[in-house]
Structures are given as structure tokens and as C-alpha cells.
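Structural description and commentary
For reference, the chains in residue letters:
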Amino acid sequence: MTRYGYLGPEGTFTSMALDAWHPAAEGERTAFGSVDAALAALRAGDIDAAMVPIENSVEGGVSATLDALASGEPLVVTGEVLVPITFVLAARPGARLGDVRAVGTHSHAWAQVRGWMAETLPDAAYVPTLSTAAAAEGLEQGEAPYDAAVCALAAARLHGLDVLADGIGDMQAAVTRFVLVARPGRLPAPTGADKTTVVLFQRDDHAGGLLALLEQFAARGINMTRLESRPTKESMGSYCFSIDLEGHVLDERVGEALMGLRRICAEVRFLGSYPRADRRRASIAPLTSDDDFSSARAWLEGIRDGGS
């Protein structure tokens, strides 16, 4: 039986992502209080896979996940799940909207409801919590230093709270991307609709350094779907680059690009090739198909063997 970990408690959007990946009845599930704790348990072998948030359509990358994957013992992404994000303002039974003086929620959730809060409850203080579900759980337990929680409807129902307002997100089409992370092993087979995730570390900081990295993708017709810089924490101004790109490491163009990056980078951390959640097939530029690269390699080998 597969042992899954996730950013908990039950009722978080991460738990919904895990539900979408595998029904709750399948496998053993353990909630963790942070992304770092879930990935540490995975590295220790206490669980077999962990579902964690990695990117939001409003706030961008989830720094805790990006940083945890960029350091420590290697882990790989084996799949992704997209979850539409809708928030409610929930409180203990009997509370009214006018009673709210402080609101608890996760920092990423707060960033997505700031406009609504500024218009509706401009004087309410923000209290950060480990997750949106933890905010709801705190209200149920009766010890929270806030009067209401921004959370998912499922979390409000789970903890017996009243919904004071729903659909409070500033962007109604917000989506969060979650990834299932495992220890390195067999790669998922290419599907033609795949992503590959890498973290690139430069040898030194110099003019045109980032351009040299990006040229490895451009020269082979590879489209990037995400590019973010993250501090290496070694010194001020020292950054690595976390990148999602279209294609699978077994695709000729992707393999060649990674070889080029390995040559010029201090380190290339491969974080997996896996099927895209939206099943969108990679766009392959003219003259960059597997056949094109194989033909070029055969031509070169012929020359090296004494042909023409």
C-alpha cells in the first residue's frame, strides 16, 4: 500500500489535490504541518510520496516547495494536479460579518483575498496560519486569536463553521498547481504531453549568464512554461533558476538541452519528467523532432566512422 503525505490538516487544498490523484480510500495518508516536514518524511523513507503545492496562478511559485526541492537529497516530481481555488470566510456558529476583527489564513490565501478584505473588512487584522484548513481547525478548537478564517468550503464544513461570505477571491479563475513528489526511481513513460522540471546553478555571476542557459532551450525549440529565480542562500545576489519546460527527458531535444546545460552549469538538478495535468501536447518547432536529432547524430557518426 502506497503511503502518501500531504500539507495538512484535512480540508486543505493540498488534501483535495491528493483526493484528485488517488481517492481517500486508496493508500495510507499522513498530514504534515509544512512542506518541509512532508518532504523530510519522504527523504527519510517514512512515506512513499508527498503532494505539495508548487505554483499558483495569482502568486506564482510556492517558495517553500521550490527551495526544498532545490536542496537536500534529490527528489523527483512524478505527476501534477491542478485545483481551482475558491475561498470562503468562515466563523463559529452564530457569528456575524460585523463581528470580525481578525482573520486567520495561510499567507498565499491572504494574498488572493486582499482586495475583498480591504473593501469588506478594512479594519480586520490578518493572522498567519500554517494552512487554510489549520485556520478553520483553530476556530473549531476555540483557541484561535482570530474571529474568522479564509479557507475552502470543505474545511468550513469539516470543522462545523458558518460561511459568512463565499467566492471572496480577488481572481475568480485562480488555480493552484500541486505536484506529487517521490524518491528517484523509474521515470514515467513519455506521453507526448509532458513537462520536465530542473534547477540550474550558475558557475559564476557574469553578463549574459542567464542568456547562455536559455539559449540551450531556444536552440532546440523547447518552450518553457515557468522560469523563476530563487536565492541559493549562500551569499547576497547568488541565485539559482527553477524551470519547467515542455517535453520529456527521453525526448531527443530535451536530452540534448540537458547535456548542454550540464556542460555550462555548476549543477543541473533534475526534478523529473511527468505527464502534464492539462494533457496539452508539447509544441515541436520545425526541425526539432526526435527524427531530426537522430538523423543529425547518424550523419555525425558516419563522418566519424570515415564516411562523408
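Whatever comes next refers back to the structure up there.
Residues numbered from 1 in each chain as written. Predicted model: local features only at pLDDT ≥ 70, side-chain atom pairs only at ≥ 80, totals over all residues. Heavy atoms only, no water.

**Describing the overall build of the protein**
Of regular secondary structure, the protein possesses nine helices and 15 strands. Along the longest, intermediate and shortest principal axes, the C-alpha atoms of the protein span 85 × 45 × 35 Å. Taking all 308 residues of the protein together, 46% fall into the buried category. Counting contacts in the protein only where the partners sit at least 6 residues apart, residues at least 24 apart contribute 76% of the total. Accessible surface, the protein as shown: approximately 14,800 Å² in total, 53% of it carbon and sulfur. Each charge sign in the protein was given a centre, from 27 positive and 40 negative side chains, and these centres are 3 Å apart. (Helix = DSSP H or I, 4+ residues; strand = E, 2+ residues; numbered from the N terminus. Buried < 20%, exposed > 50% of the residue type's maximum accessible area, 1.4 Å probe, protein only. Contact = heavy atoms within 4.5 Å. Areas by Shrake-Rupley, 256 points an atom, 1.4 Å probe, with all protein chains shown as cover. Lys, Arg positive; Asp, Glu negative; His and termini not counted. Charge placed at Lys NZ, Arg CZ, Asp CG, Glu CD.)

**Concerning the pattern of salt bridges**
Going through the model one piece at a time under the given rule, you end up with 20 salt bridges. Ionic pairing is found between aspartate 251 and arginine 253, a salt bridge with its closest N-O pair at 3.8 Å. The exposure class of aspartate 251 is buried, given its relative accessible area of 15%. A salt bridge links arginine 297 to glutamate 252, with the shortest nitrogen-to-oxygen separation between them at 3.1 Å. Remark: glutamate 252 occurs in helix 8 (residues 252-264) and arginine 297 occurs in helix 9 (residues 290-304); sequence separation between them is 45 residues. Given the relative accessible area of 31%, arginine 297 is considered partly exposed. Each of Glu55, Glu80, Arg177, Lys195, Arg226, Glu228 and Asp244 takes part in one network of salt bridges that share partners. (Salt bridge = Lys/Arg side-chain N within 4 Å of Asp/Glu carboxyl O.)

**Quick word on the environment of alanine 40**
Tracing the chain through its elements places alanine 40 in helix 2 (residues 35-44). Between the alpha carbons of alanine 40 and glycine 72 there is a distance of 9.2 Å; along the sequence they are 32 residues apart.

**Description of the packing of aromatic side chains**
Summed over the entire model, instances satisfying the criterion amount to two aromatic pairs. Taking the centre distance of 5.5 Å and the plane angle of 85° together, the rings of phenylalanine 13 and phenylalanine 87 count as edge-to-face. Taken together, the residues phenylalanine 13 in helix 1 (residues 13-21) and phenylalanine 87 in the loop between strand 5 (76-84) and strand 6 (88-91) connect sequence positions 74 residues apart. On the basis of relative accessibility, which here comes to 3%, the residue phenylalanine 87 falls in the buried class. On the numbers, 4.6 Å between centres and 10° between planes, the contact of tryptophan 110 with tyrosine 126 is stacked. Within this pair, whereas tryptophan 110 is found in helix 4 (residues 107-120), its partner tyrosine 126 is found in strand 8 (residues 125-128), the two being separated by 16 residues in sequence. (Phe/Tyr/Trp six-rings, centres within 6.5 Å; stacked < 30°, edge-to-face > 60°.)

**What to know about the nonpolar core**
Formed by 30 residues in total, the largest nonpolar core has its most connected members in Met51, Phe87, Leu89, Val103, Met117, Val150 and Ile168. Of all elements in the fold, only strand 1 (3-7), helix 1, strand 3 (49-56), strand 5, strand 6, helix 4, strand 9 (148-151) and strand 11 (175-182) reach the threshold of two or more residues within this core. For this core, the leading source of residues is helix 4, giving five residues. (Core = buried A, V, L, I, M, F, W, Y, C linked by side-chain atoms within 4.5 Å.)

**Let's talk about helix 8**
With 13 residues, helix 8 should reach 18 Å at 1.5 Å per residue; the first-to-last C-alpha distance of 19 Å fits that figure. Among the residues of helix 8, Arg253, Val254, Gly255, Ala257, Leu258, Gly260 and Leu261 are the ones counted as buried. Contacts made by the buried residues of helix 8 are with strand 12 (194-201), helix 7 (209-218), strand 14 (239-246), strand 15 (267-275) and helix 9. (Expected span 1.5 Å × (residues − 1).)

**Things to note about the pairing of strand 8**
A regular strand places its side chains on the two faces of the sheet in alternate fashion. Sheet topology note: the strand 7 (residues 102-105)/strand 8 ladder contains four bridges and is parallel. Paired with threonine 105 across the bridge in strand 8 is proline 128. (Pairing = 2+ DSSP bridges.)

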